Amino acid sequence: MNSNSGEESLIALLGNPNCGKTTLFNAITGARQHVGNYPGITVEKKEGFFSVDGRALRLVDLPGTYSLTAYSLEELVARDFLVNERPKVVLNIVDASNLERNLYLTLQLLELGAPALVVLNMVDVAEGRGIRIDGAELSRRIQAPVIPTVARSGKGKEELLRAAVALADEQRTWTPIKISYGPDIDPVLDEMEAMIASAEFLTDIYPARWTALKHLEADEQVIEKGREVNSELSSKLEALARRVTEHLQRTLDTYPEAIIADHRYGYISALLKSGVVERDAKADRLFISDQIDRVLTNRFLGPLLMFAILYMVYQFTFQYSELPVRWLEDGFAALGGFMESALPPGPLQSLIVTGVIGGVGGVLSFVPLILFMFLAIAFLEDTGYLARVAYMLDRVFRTFGLHGSSVMAYIVSGGIAGGCAVPGVMATRTLRSSRERLATILTAPFMNCGAKVPVFAMLIAAFFSEQRAYMLFLLTLMSWASALLFAKLIRSTILRGPSTPFLLELPPYRLPTFKGLLIHTWERTWQYIRKAGTTILAISIIFWALMAYPKPPETVSRAFETRREQVLAKLPDDLRQAVETGDAKGAPAETPTRDQTPAIVQGAKEELRAIAREEAEANLKHSFAGRAGTAMEAVTRWVGFDWRTNVALTAGFAAKELIISTLGTAYAMGEVPEEEDISLSRRLASDPDWNRLKAFTLIVFIMLYAPCFITVICIVRESGSWGWGLFSVLFNTGAALLLSGAVYHIGIWLRLGV
Amino acid sequence: MAEVLLRHMAAGQKGVITKVKASGELGRRIRDMGLTPGAVIHVQGRAPLKDPVAIKVQSFVLTLRNNEADFIHVRVDEDNE
């Protein structure tokens, strides 16, 4: 049967991490690929389409794994895909310079019986190290085609594809190979295999011997499945496995798993003996990579260089993205301005300008930032340096229940003040251990992101103007301390559990390929745009409605109208015209004729603006957000916040930079643009309700409370559940209330700030 | 020929693994990476805070935490120190 029925033949790509799997995937599929997630979990699923001689093929890149056990999500995903989807061919990429360890996975694939094609990759690197491999002989011994390639340069790609199509056409049935596991295991394995085969126990998905082996290896997933299908046979098998385990522990002080692994490696070394691998005498010389490591992971020089490199990543991400971010912001502002003039004033204009353009613009302005961050991380990852960072910092981060790789997420989130939690949360993708990763995701938003900094700057200017630099440094330290301590708290309560085994490979240093970097960066950025865009649009419309509705009763707006008329009535007729055509609404419009207009017109305009600001304050107070803010006073009085602060903080949940402008509206200051916060700062400094203690309490609260909802959406995406998104909102706000409350009350007790 | 735990090996030392006492996930991970009895390892160095340790197995570099290295017994090649 030739698959011309419109259905593409399915080919899977399997291999260890760092064996050139992704490079090969990119070389084969080019741009025709698509990244998604496996249903319900956060492991990336990459698919691509290509054709050979008119044959349509679908290539799925399975997660990089060292083994096909059930311990990590990646391994489970790879294994389940193989047995459930039954690919026509499994391309098993093998790093030729690391043949033994890579063949360990190959062996498990062959034991599963999958139609494997071994791709002997990086033969150039191996030859550079004095290792020559006889592919034909290896192929004869493992009974599977072996094709040597160099994925980076695309060498061997054509032969590989032709061999893959040929193997797919063979329509081979899955035929597992049989490995001997020695006198302690083999008899019981045979017995179990016979029992499984005669009862047709799970044989529709797994080969009988493989199921038996998994029972001996205490593989939870397979055992669980077996219990569901046939609990009687399952308990018999488990009893047999237990007996062997006890026997081995008593007599040899070892486990079946250990013996099985030993025999697999034994099988591999027998495979490679005499004639397959040829090593040069000079193979023992120091590799270049090891020499680089002597400097980059040196006890003294290593950390210094690391901090310099991380600082450079930070600079690169934020400086180079600054200009495109501003272009996008200006573009959206211009679009908003255009729509404002094109549409008649009213709810529709307000919805489109504030709700839609403001919301979508807010999301898209992050795109350059995310793009540069992923580019920098892809570079560090592909060169192999990121693994060294994890290696050097692991001891510190482990103390707090995290992983060496957590540092990246913290720094990008604002560990160096001015980052952003959105790319920060996404940067945790380099972490493979799930508990550590989740703890990092949940605590990274405590860092001082670029949107919190202007709010802090405004408050510092108002109350701590003589200690600016000192305050910012203090706030950076405070955010690190909170992130690490809350990580420790989370890891010892809701995410309790031993740390995931570290065992990290330090791949040889490599120069990344340009194409690889671009594909890597783009696919992750595009994912952000697509997924974040839709949800965020909906939420930003909700926020707009909360701040704009309901309108105050007719009597209130009429009262403002009357006051406006009174101002105008005081003016002579000819000047009234000038005032009205200026900007009767009172927005801070600067007309070029300002200097020539008589003082009386200026005065009237001033008065009208003041009325408009008061009206905006009244509208805000009457809106859902305003009422909620007033209702929240019941709780927030404890930390000294009134409804104005509460509304500003609520708006800050939409985007932290909105705190300043909303506070401006609430204090009837008009909309305060971010750069011109001097007036608000002065207003607060002279307000008898405000003092240093209250300002510092607010700073602590803003540092810790709910992340902005764009971050929350990213948390949901990265953690794979809305529950964690909700948790981060509630937990962080709770933490903020508690700590800022402590600051406030200790402050009052010590009579600070008065 | 002395037998020591991997944790106690110094940078530059070479040896042959004699026993891996870990079971469960850690044991599986250790074995997946080729650390089985008979494997030759070479200590490359340690992280700046003395933990984790970097070793060379076959021809790749692997790092593991000291508390994970505690499960690995190594027969040290004394002349190679």
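Keep in mind it's a predicted model, so treat the numbers as computed, not measured. (Residues numbered from 1 in each chain as written. Chains lettered and ligands numbered in written order. Predicted model: local features only at pLDDT ≥ 70, side-chain atom pairs only at ≥ 80, totals over all residues.)

A.B. asks: Please explain the overall build of chain B as it appears in this structure.
C.D. replies: Helix and strand content of chain B: two helices and six strands. N-terminal to C-terminal, the α/β element order of chain B is β-β-α-β-β-β-α-β. In terms of overall size, chain B behaves like a compact globule, its C-alpha atoms giving a radius of gyration of 11 Å where 81 residues would be expected to give roughly 12 Å. Its C-alpha atoms give chain B principal-axis dimensions of about 35 × 30 × 20 Å. (Helix = DSSP H or I, 4+ residues; strand = E, 2+ residues; numbered from the N terminus. Rg over C-alpha atoms; globule rule 2.2 N^0.38 Å.)

A.B. asks: Would you mind showing me how to read the overall build of chain A here?
C.D. replies: Helix and strand counts for chain A stand at 32 helices and 10 strands. Taken along its principal axes, the extent of the C-alpha atoms in chain A is 105 × 65 × 55 Å. Within the span of chain A, comprising 754 residues, buried residues form 44% of the whole. Taking the contacts inside chain A whose residues are at least 6 apart along the sequence as the reference set, 71% of them involve residues at least 24 apart. (Buried ≥ 20, exposed ≤ 12 C-beta atoms within 10 Å, placed from the backbone. Contact = placed C-beta atoms within 7 Å.)

A.B. asks: How do you make sense of the interface of chain A and chain B when you look at a structure like this?
C.D. replies: How big an interface is tends to be reported as the loss of accessible area on association of its parts. The interface is formed by 32 residues belonging to chain A together with 31 residues belonging to chain B. At the level of elements, helix H3 (99-112), helix H11 (256-272), helix H13 (301-342), helix H16 (385-399) and strand E10 (504-506) of chain A are the ones that each hand at least two residues to the side of chain A that touches chain B. Along the lines of polarity and charge, the residues of the side of chain A that touches chain B split into 16 nonpolar, six polar and 10 charged. (Nonpolar A, V, L, I, M, F, W, Y, C, P; charged D, E, K, R; others polar.)

A.B. asks: Honestly, the sheet that holds strand E5 (residues 60-64) of chain B in this entry has me stumped. Any pointers?
C.D. replies: Two pairing modes exist for strands in a sheet, parallel and antiparallel, and in both the strands are linked by backbone hydrogen bonds. The strand order across the open sheet formed by seven strands is E10(A)-E5(B)-E4(B)-E3(B)-E2(B)-E6(B)-E1(B), and the pairing between neighbours is antiparallel. Strand pairing shows two members of the sheet lacking a second neighbour, E10 of chain A together with strand E1 (2-5) of chain B, which therefore form its edges. The average undirected angle you get between the axes of adjacent strands in this sheet is 40°. By the bridge criterion, three bridges tie E10(A) to E5(B) in an arrangement that is antiparallel. (Pairing = 2+ DSSP bridges. Axes fitted to C-alpha atoms, helices over the stretch in contact; angles between N-to-C directions.)

A.B. asks: Any chance you could explain the environment of A:Ile611 here in plain terms?
C.D. replies: All names here are of chain A. For Ile611, the position within the fold is in helix H25 (residues 599-622). Taking the number of C-beta atoms within 10 Å as the measure of exposure, Ile611 has 20 and is therefore buried. In the structure, Ile611 is positioned 126 residues away from Leu485 in sequence and 48 Å away in space, judged by C-alpha atoms.

A.B. asks: Teacher, can you tell me more about unusual backbone geometry here?
C.D. replies: For residues besides glycine, phi is generally negative; the peptide bonds are generally trans as well. Cis geometry is adopted by the peptide bond preceding A:Pro550, which originates at A:Tyr549 and carries an omega value of -10°. Within the fold, A:Pro550 resides in the loop between helix H22 (514-548) and helix H23 (554-569). Cis geometry marks the peptide bond from B:Asp51 to B:Pro52; its omega dihedral reads -5°. Examined against the element boundaries, B:Pro52 turns out to sit in the loop between strand E3 (40-46) and strand E4 (53-57). Positioned with a positive phi, A:Asn18 is a non-glycine residue whose angle comes to about 65°. Look at A:Asn18 and you get buried, because 20 C-beta atoms sit within 10 Å. The backbone of A:Ala218 sits at a positive phi, close to 55°, despite the residue not being glycine. Here A:Ala218 is to be found in the loop between helix H8 (208-216) and helix H9 (220-229).

A.B. asks: Help me understand the packing of helix H21 (residues 468-492) of chain A against helix H30 (residues 692-704) of chain A, please; the structure alone is not making it clear to me.
C.D. replies: A packed helix pair is summarised by two numbers, namely the angle formed by the two axes and the spacing between the axes. All names here are of chain A. At a minimum axis separation of 11 Å, H21 and H30 run at an interaxial angle of 45°. Classified by the angle between their axes, H21 and H30 sit oblique to one another. As H21 runs across H30, the sense of the crossing is right-handed. Taken together, the residues of H30 that come into contact with H21 (itself represented by Leu475, Met478, Ser479 and Ser482) are Ile699, Met703 and Leu704. A breakdown of the residues in the contact of H21 with H30 according to their chemical character gives five nonpolar, two polar and no charged. (Parallel < 35°, antiparallel > 145°, perpendicular 65-115°, else oblique. Left-handed = near helix turned anticlockwise from the far one by under 90°.)

A.B. asks: For this particular structure, what's the right way to read helix H27 (residues 643-654) of chain A?
C.D. replies: Note on helix geometry: an α-helix contains 3.6 residues per turn, so any two residues three or four positions apart are oriented the same way. Residues and elements named next belong to chain A. The first and last C-alpha atoms of H27 sit 17 Å apart over 12 residues, in line with the 16 Å expected at 1.5 Å per residue. Most of H27 sits inside the fold, with 11 of its 12 residues counted as buried. Those residues of H27 that sit buried are Trp643, Arg644, Thr645, Asn646, Val647, Ala648, Leu649, Thr650, Ala651, Gly652 and Ala654. (Expected span 1.5 Å × (residues − 1).)

A.B. asks: Before we go on, may I ask you to explain the confidence of the model for chain A in this structure?
C.D. replies: Where the model shows low pLDDT, its predicted coordinates should not be examined in detail. Residues and elements named next belong to chain A. Considering every residue of chain A, the mean pLDDT works out to 85; 92% of them sit at 70 or more. When pLDDT is averaged over each element of chain A, strand E5 (residues 89-95) comes out on top at 96 and helix H24 (residues 573-583) at the bottom at 63. Ignoring residues within four places in sequence, the model shows residues 1-5, a span with pLDDT below 50, making two contacts including any to other chains. Segment residues 583-592 is flagged for pLDDT under 50; beyond a separation of four residues in sequence, or across chains, it makes 11 contacts in the model. (pLDDT = per-residue confidence, 0-100.)

A.B. asks: Any chance you could explain the environment of A:Glu44 here in plain terms?
C.D. replies: All names here are of chain A. Relative to the helices and strands, Glu44 is located in strand E3 (residues 44-52). C-beta crowding within 10 Å serves as the criterion here: with 17 such atoms nearby, Glu44 is assigned to the partly exposed category. Between the alpha carbons of Glu44 and Asn646 there is a distance of 39 Å; along the sequence they are 602 residues apart.

A.B. asks: Can you help me understand the nonpolar core in this one?
C.D. replies: In globular proteins that are soluble, nonpolar side chains generally tend to be buried together. Residue and element names in this part refer to chain A. Ranked by size, the top nonpolar core spans 189 residues in total, and within it Leu91, Leu117, Val119, Leu459 and Ile699 carry the most contacts. Here this core gets 11 residues from one element, more than from any other, and that element is helix H15 (residues 367-383). Look past the residues within four positions of Leu91 in its chain and what remains in contact with it is Ile11, Ala12, Leu13, Leu117, Val119 and Ala164. Counting 16 residues, the second largest nonpolar core, distinct from the first, contains Tyr181, Met192, Tyr206 and Val244. (Core = buried A, V, L, I, M, F, W, Y, C linked by C-beta atoms within 7 Å.)

A.B. asks: Hey, could you run me through the packing of H3(A) against H11(A) in this one?
C.D. replies: Residue and element names in this part refer to chain A. Contact pair H3 / H11: the axes reach a minimum separation of 10 Å and the direction vectors enclose 115°. When you trace H3 past H11, the crossing you get is right-handed. For the pair H3 and H11, the contacting residues are Leu99, Glu100, Leu103, Tyr104 and Leu107 in the first and Arg264, Tyr265, Tyr267, Ile268 and Leu272 in the second. In terms of residue class, the contact of H3 with H11 is made up of eight nonpolar, no polar and two charged.

A.B. asks: Could you clarify how one ought to interpret the pairing of E3(B) in this entry?
C.D. replies: Moving residue by residue along a regular strand, the side chains alternate between the two faces of the sheet. Residue and element names in this part refer to chain B. Pairing between strand E2 (residues 14-20) and E3: three bridges, direction antiparallel. Bridge pairing links Lys14 to His42 in E3. In this structure, E3 lies alongside E4, joined through five bridges in antiparallel fashion. Looking at E4, one finds that Arg46 is bridged to Val53. Between E3 and E4, which pair antiparallel in sequence order, lie six residues; one of them, Lys50, sits at a positive phi of approximately 70°.

A.B. asks: Just checking my understanding: could you explain the environment of A:Ala376 for this structure?
C.D. replies: All names here are of chain A. Topologically, Ala376 is positioned in helix H15. Residues Ala376 and Leu489, spaced 113 residues apart in sequence, show a C-alpha to C-alpha distance of 31 Å. With near-sequence residues (within four places) excluded, Ala376 lies in contact with Val313, Phe316 and Thr317.

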